[in-house]
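A structural walkthrough
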Amino acid sequence: MRRVAVLTAAGACLLCGQPGFAQLPVARAGDASASLSVSAGFSWNDRRDLSASPLLFGGHGGDFGLAAQRTLGHASLQFSLHGGARTLASSSNSAPATEHLTELQAHIWLMRRLHLQPIATDGLLIGLALESSAALSAHDYTDPARRVSHFVLGIVTLGPAASWRQTVHGGLATLEIATPVTAAVAHSYSAVNQQNSAVNLRVVSLGALRGVTSSLSYAPWKSQRVGVLYLYRLSALRYDDVQDVRLVSQSLSVGAVVRFGGAAP
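What counts, and at which threshold
Residues numbered from 1 in each chain as written. Predicted model: local features only at pLDDT ≥ 70, side-chain atom pairs only at ≥ 80, totals over all residues. Heavy atoms only, no water. pLDDT = per-residue confidence, 0-100. Helix = DSSP H or I, 4+ residues; strand = E, 2+ residues; numbered from the N terminus. Contact = heavy atoms within 4.5 Å. Salt bridge = Lys/Arg side-chain N within 4 Å of Asp/Glu carboxyl O. Buried < 20%, exposed > 50% of the residue type's maximum accessible area, 1.4 Å probe, protein only. Patch = residues over 30% accessible without salt bridge, like charges linked within 9 Å, V, L, I, M, F, W, Y side chains within 5 Å. Areas by Shrake-Rupley, 256 points an atom, 1.4 Å probe, with all protein chains shown as cover. Pairing = 2+ DSSP bridges.

All right, on to the confidence of the model for the chain then. The share of residues in the chain with pLDDT of 70 or more is 78%, and the mean pLDDT across the chain is 78. In the model of the chain, helix α1 (residues 2-14) stands out as the element of lowest mean pLDDT, 39, in contrast to strand β7 (residues 171-178), which has the highest, 93. Overall, residues 1-31 carries pLDDT values under 50, and its contacts beyond four positions in sequence, including any with other chains, amount to 129 contacts.

A side chain with one charge may pair with a side chain of the opposite charge, provided their charged atoms come close. If you walk through the whole model with that rule in mind, you get eight salt bridges. For the salt bridge of Asp63 with Arg86, the shortest nitrogen-to-oxygen distance reads 3.2 Å. Here Asp63, found in strand β2 (residues 57-72), pairs with Arg86, found in strand β3 (residues 75-90); they are 23 residues apart in sequence, far enough to count as distant. Given the relative accessible area of 5%, Arg86 is considered buried. Here Arg233 makes a salt bridge to Asp63, at a shortest N to O gap of 3.0 Å. Here Arg233, found in strand β11 (residues 226-239), pairs with Asp63, found in strand β2; they are 170 residues apart in sequence, far enough to count as distant. Across the pair, Asp63 and Arg233 agree in class, each one buried. One salt-bridge network, held together by shared partners, links Arg210, Arg238, Asp240, Asp244 and Arg246.

Together, Phe42, Trp44, Leu114, Leu124, Ile126, Trp164, Leu175, Leu216, Tyr232, Leu234, Val248 and Leu252 make up an exposed nonpolar region whose accessible area comes to about 1100 Å². Contributions of two or more residues to the nonpolar patch are made by β1 (32-49), β5 (123-140), β11 and β12 (245-260). On the secondary structure map, Leu252 appears in strand β12.

Turning to unusual backbone geometry, a few remarks are in order. The general pattern is negative phi for most residues beyond glycine and trans for most peptide bonds. With a phi close to 50°, His169 is a non-glycine residue in the positive phi region. Looking at the element boundaries, His169 is found in the loop between β6 (148-168) and β7. For His169, a relative accessible area of 80% translates into the label exposed.

On to the environment of Phe42. With respect to the helices, strands and loops of the structure, Phe42 is situated in strand β1. Once the C-alpha coordinates of Phe42 and Gly61 are considered, the two residues, 19 residues apart in sequence, prove to be 5.6 Å apart. Setting aside its immediate chain neighbours within four residues, Phe42 contacts Gly61, Asp63, Ser251 and Leu252.

Direction of pairing for β3 relative to strand β4 (residues 98-113): antiparallel, over a ladder of 15 bridges. Residue pairing across strands places Ala89 opposite Thr98, the latter belonging to β4. Sheet analysis places β4 next to β5, joined by 16 bridges and oriented antiparallel. Paired with Trp109 across the two strands is Ala129, which belongs to β5.

Written out as structure tokens, the structure reads:
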């Protein structure tokens, strides 16, 4: 668990900028703007981790998000933190089991316009995404002994990212997507306990880990200091290991967005 804690802490400190919180346009060179947003909603998850069970688990639970963005010139730096707790049930009626999943994700996105032009809200940005996540699942085998085992998956990834922003009905719609190229993964092959952390730490590339994170958001126009944020997230992960991991997650959140600092004209 010590290695997982170090990995997670490093990711949380270095990272932060989840897709879906790029509501402010990039300013002209010399101009700066900033935004802060919070959101809360529900998430739906499908998850298979062979370390815990060969079964597919699915369910839903609460989801929260916190994000900040800073723009300066033609560049944009995004930070975000989001997570939640869910109860997942197995897909098999003959072998019922449940998992209580707790997740925390942190991200940093550094984005830039392709063309050095005066600001236009609509358009394409590209850049790099540094992302980290930590998931702790408590697996309840629902046997007569009521055994509960804990499993850990911690990931820090680095890869390209892209964002498209479009004005829609007086607000700003943003589509964002990122995919990892390299990653550090802490994955437990068996139940984690005090005597043996049972966590394996690997540095991997596309050969072993493939995934994508994406989001679609809609926020009020930049002249509105306070407004409502609508955010949909979708992510998928395939990690080939001694015991493979297959994850699909989606969430829908509604929250508030608050802007501060100088805004681009």
